[in-house]
Amino acid sequence: MKGFSTRSIHIGEIHQLDSITTPIFQTANFLMNPSKYKVDNRDSYIYSRISNPTVRAVEQKLANLCGAKEGVLFSSGMGAITCSLLSVLSENDRAIFLTELYGGTHSLIEKVLPTLGIQCDFFSVDEISKLSLDGAKVVYVESLTNPLLKLTDVEYLARIAHENGALLFVDNTFLSPYNFRSLEFGADLEIHSVTKYINGHSDVILGFATSKDENLINKIWQKMYTLGFNPNPFEAYLVARSVKTLALRMEKHNHNAKQIAEFLSSHDKVVDVRYPSLYKQIPSCYEGCPGFGAVVYCDFLTQENALRFVENLKIFKQATSLAGVESLVTIPSLTSHASLNDEQLKKAQISKGGVRISVGVEDLDDLIEDLSQALYKI
Ligand SMILES: *Cc1c(COP(=O)(O)O)cnc(C)c1O
């Protein structure tokens, strides 16, 4: 795998902080000069829902980090997922999804896509070798799943998808472009919730989709502005600042989380720890990853123990998001997966005593000390 180029961070320097007013000026230009400004040209800034100079600069920066030239920024990760799927799927089409997807994506698949006549089927990471595509147009997965941290073999799926004339979409949020670049292993589209690592400061909601296929990107861009999933330019500007420290933050997340996973797995009060650096075997496309990010899952067997643990933590705050500079902790069976009954939880392999930790960039000794004192109180 090619290294992560920090040089690409400097591409497309941002200089238009007043971008929200810029389109008004440019609309005047458009009225005087209509032939120069066309709706189907992403670089003619006639109206900020359609395109915006600050947003464009950030799109090109992020695409570069993912190993592509073009991408589309959205008002949220869910906006990116919705527009990407709707740009290639329509009535009577079939798509196949990973069972272990993010909850919001599940809601989209279960509540919205069927109303448009799109047939949705599921497969689990554990049954990847049995997957049969059967005319599906899209295979949709996450590279590293939440909260159980399973690694999906993107390289294998890209081969199977392409042999069957399907596209492979990869939500790469949990690894970030620093740790893994799915397009290099054959994915047709890579999606990010920019809200997580790419912004990393828990103060912005944005999404991103990128591909080497500019035709696909153009279709997704048209869905973005037609459905009104346009990103806020000021938030885009904040992301332009955030990505300057993406590599630094990822190195610290990777290091802290790996050490914490090892610490927890050697502790007698923790019955199971999941973090990819602990696995005996991983798909070969992940062997060159510099690390696996901030999220560690551990199991305390009972909800009572899990609660006692999280309530006694001082640095780790209880909150549902992840991948920001601050350490957070959550109990999936009480939050993201609260709507599942006992049987469904078991099927999803989520224990009632399961705890998901998002390890921030604080001092590692302070974090381990905090975990130790909370473990002592179980
Ligand atoms: C958070 C998240 C999303 C949704 O992103 P938003 O920015 O909250 O809309 C999608 N996929 C994954 C894996 C996520 O963690």
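All values derive from a computational prediction rather than experimental measurement.

(A) Geometry of the overall build of the protein. A tally of regular secondary structure across the protein gives 12 helices and 12 strands. Taken over 378 residues, the protein has a buried fraction of 54%. Taking all contacts inside the protein whose residues are at least 6 apart in sequence as the whole, residues at least 24 apart take part in 74%. Of the roughly 16400 Å² of accessible surface on the protein, a fraction of 51% belongs to carbon and sulfur atoms.

(B) A look at the sheet that holds strand β5 (residues 167–171). One open sheet accounts for seven strands, arranged β1-β7-β6-β5-β4-β2-β3; its pairing is mixed. For this open sheet the edge positions go to β1 (70–74) and β3 (119–123), each flanked by a neighbour on one side alone. Each strand of the sheet is rotated relative to its neighbour by a mean of 20°, with strand direction disregarded. Here β1 runs beside strand β7 (residues 207–211); their pairing, made up of five bridges, is antiparallel. Paired with Phe74 across the bridge in β7 is Gly207. Contacts between helix α3 (residues 77–88) and the sheet are confined to β1, β2 (94–98), β4 (138–142), β5, β6 (189–193) and β7, with β6 contributing the most and set at about 155° to the helix.

(C) Just the packing of aromatic side chains, in detail. Taken as a whole and assessed by the stated rule, the structure comprises eight aromatic pairs. With a centroid separation of 4.9 Å and 70° between ring planes, the pair formed by Trp221 and Tyr225 is classed as edge-to-face. In this pair, Trp221 and Tyr225 are both assigned in helix α7 (residues 214–227), four residues apart and thus about one turn of the helix distant. In terms of burial, Trp221 and Tyr225 fall into one category: buried. An aromatic cluster of three or more residues is present, and its members are Phe97, Phe122 and Tyr140.

(D) View of the site of the ligand. The ligand sits among 14 residues. The nearest are Met78, Asp171, Ser193, Thr195 and Lys196. A distance of 2.9 Å separates an oxygen atom of the ligand from a polar atom in the backbone of Gly77. In this structure, a nitrogen atom belonging to the ligand sits 2.7 Å away from a side-chain N or O atom of Asp171. Here the shell around the ligand gets three residues from one element, more than from any other, and that element is α3.

(E) Quick look at the pairing of β1. Counting buried residues along β1, five of its five residues qualify, which places the element largely inside the surrounding structure. A two-sided burial pattern is seen for β1, the buried positions comprising Glu70, Val72 and Phe74 on one face and Gly71 and Leu73 on the other.

(F) Seen up close, the pattern of salt bridges. Using the criterion set out here, one finds 13 salt bridges in the structure. Salt-bridge contacts for Arg56 lead to Glu70; the nearest nitrogen and oxygen are separated by 3.0 Å. You can see Arg56 sitting in helix α2 (residues 53–65) and its partner Glu70 sitting in strand β1, a full 14 residues away along the chain. Its relative accessible area of 3% is what places Arg56 among the buried residues. A single network of salt bridges, built from pairs that share partners, joins Arg42, Asp43, Arg56, Glu59 and Glu70.

(G) Region of interest: helix α9 (residues 246–265). The end-to-end C-alpha distance of α9, which contains 20 residues, comes to 28 Å, matching closely the 28 Å that a straight helix rising 1.5 Å per residue would cover. For α9, the full list of buried residues reads Leu246, Ala247, Arg249, Met250, His253, Asn254, Asn256, Ala257, Ile260, Ala261, Phe263 and Leu264.

(H) Geometry of the environment of Ala136. Looking at the secondary structure, you find Ala136 in the loop between β3 and β4. In this structure the C-alpha to C-alpha distance between Ala136 and Leu167, which are 31 residues apart in sequence, comes to 8.8 Å.

(I) Local environment of helix α5 (residues 154–163). All buried positions along α5 are accounted for by Val154, Leu157, Ala158, Ile160 and Ala161. Close packing links the buried residues of α5 with β3, β4 and β5. A side-chain oxygen of the first residue of α5 lies 3.4 Å from the backbone nitrogen of Glu155; this N-cap is Asp153. Just beyond α5, the residue with positive phi is Gly165, at close to 70°.

(J) Region of interest: the nonpolar core. If you look at the biggest cluster of nonpolar residues, it comprises 119 residues, and the most contacted ones within it are Leu62, Leu85, Leu168, Leu264, Phe309, Val355 and Ile357. In terms of residue count, α9 provides more of this core than any other element does, eight residues in total. Excluding its chain neighbours within four sequence positions, the residues that come into contact with Leu85 are Phe97, Leu108, Leu113, Val138, Tyr140 and Phe169.

(K) Structural context of the sheet that holds strand β9 (residues 295–299). Spatial ordering of the open sheet is given by β8-β9-β12-β11-β10, a layout of five strands whose pairing is mixed. With one partner strand each, in any of the chains shown, β8 (272–274) and β10 (317–318) form the two edges of the open sheet. In terms of strand pairing, β9 meets strand β12 (residues 354–358) through five bridges, oriented antiparallel. Within β12, the residue paired with Asp299 across the bridge is Gly354. Across the face of the sheet, α9 comes into contact with β8, β9 and β12 while running at roughly 10° to β9. Docked against the sheet, helix α10 (residues 303–312) engages β10, β11 (328–330) and β12, running at close to 25° with respect to β12.

Rules and cut-offs
- Sequence order as written defines the numbering, with residues in each chain counted from 1.
- Given that the model is predicted, a residue must reach a pLDDT of at least 70 before its local features are reported, and side-chain atom pairs must reach 80 or more before they are shown or counted; all residues, however, enter totals for whole chains, interfaces and linings.
- Note: side-chain values were computed over all heavy atoms of the structure, leaving out hydrogens and water.
- For helices the rule is a DSSP run of H or I covering at least 4 residues; for strands it is a run of E covering at least 2, with both sets numbered from the N terminus onward.
- Each residue's exposure class comes from its accessible area (1.4 Å probe, protein chains only) as a fraction of the maximum for that residue type: buried when under 20%, exposed when over 50%, partly exposed otherwise.
- Note on definitions: a residue-residue contact is assigned when non-hydrogen atoms from the two residues lie within 4.5 Å.
- Only the protein chains shown count as cover for residues, with accessible areas throughout obtained via the Shrake-Rupley method and a probe of 1.4 Å.
- Strands pair, by our definition, only if DSSP identifies at least two bridges between them.
- Axis lines are fitted through C-alpha atoms, for helices just across the contact stretch, and the angle between N-to-C directions can take any value from 0 to 180 degrees.
- To pair, rings of Phe, Tyr and Trp, with the six-membered ring standing in for Trp, must have centres within 6.5 Å; the planes then decide the type, stacked if under 30 degrees apart, edge-to-face if over 60, and tilted in the middle.
- The criterion for a residue being near a molecule or strand is simple. One of its heavy atoms has to lie within 4 Å of it.
- Definition of a polar contact: a pair of N or O atoms within 3.5 Å, with one able to donate and the other able to accept a hydrogen when the atoms are protein atoms, and with sequence-neighbouring residues admitted only if both atoms are side-chain atoms.
- Here, a salt bridge means any side-chain nitrogen of Lys or Arg that lies within 4 Å of a carboxyl oxygen of Asp or Glu.
- An expected span of 1.5 Å times one less than the residue number is assigned to each helix.
- Nine residue types can take part in a nonpolar core, namely buried Ala, Val, Leu, Ile, Met, Phe, Trp, Tyr and Cys, and a core is a set of them joined through side-chain atoms within 4.5 Å.

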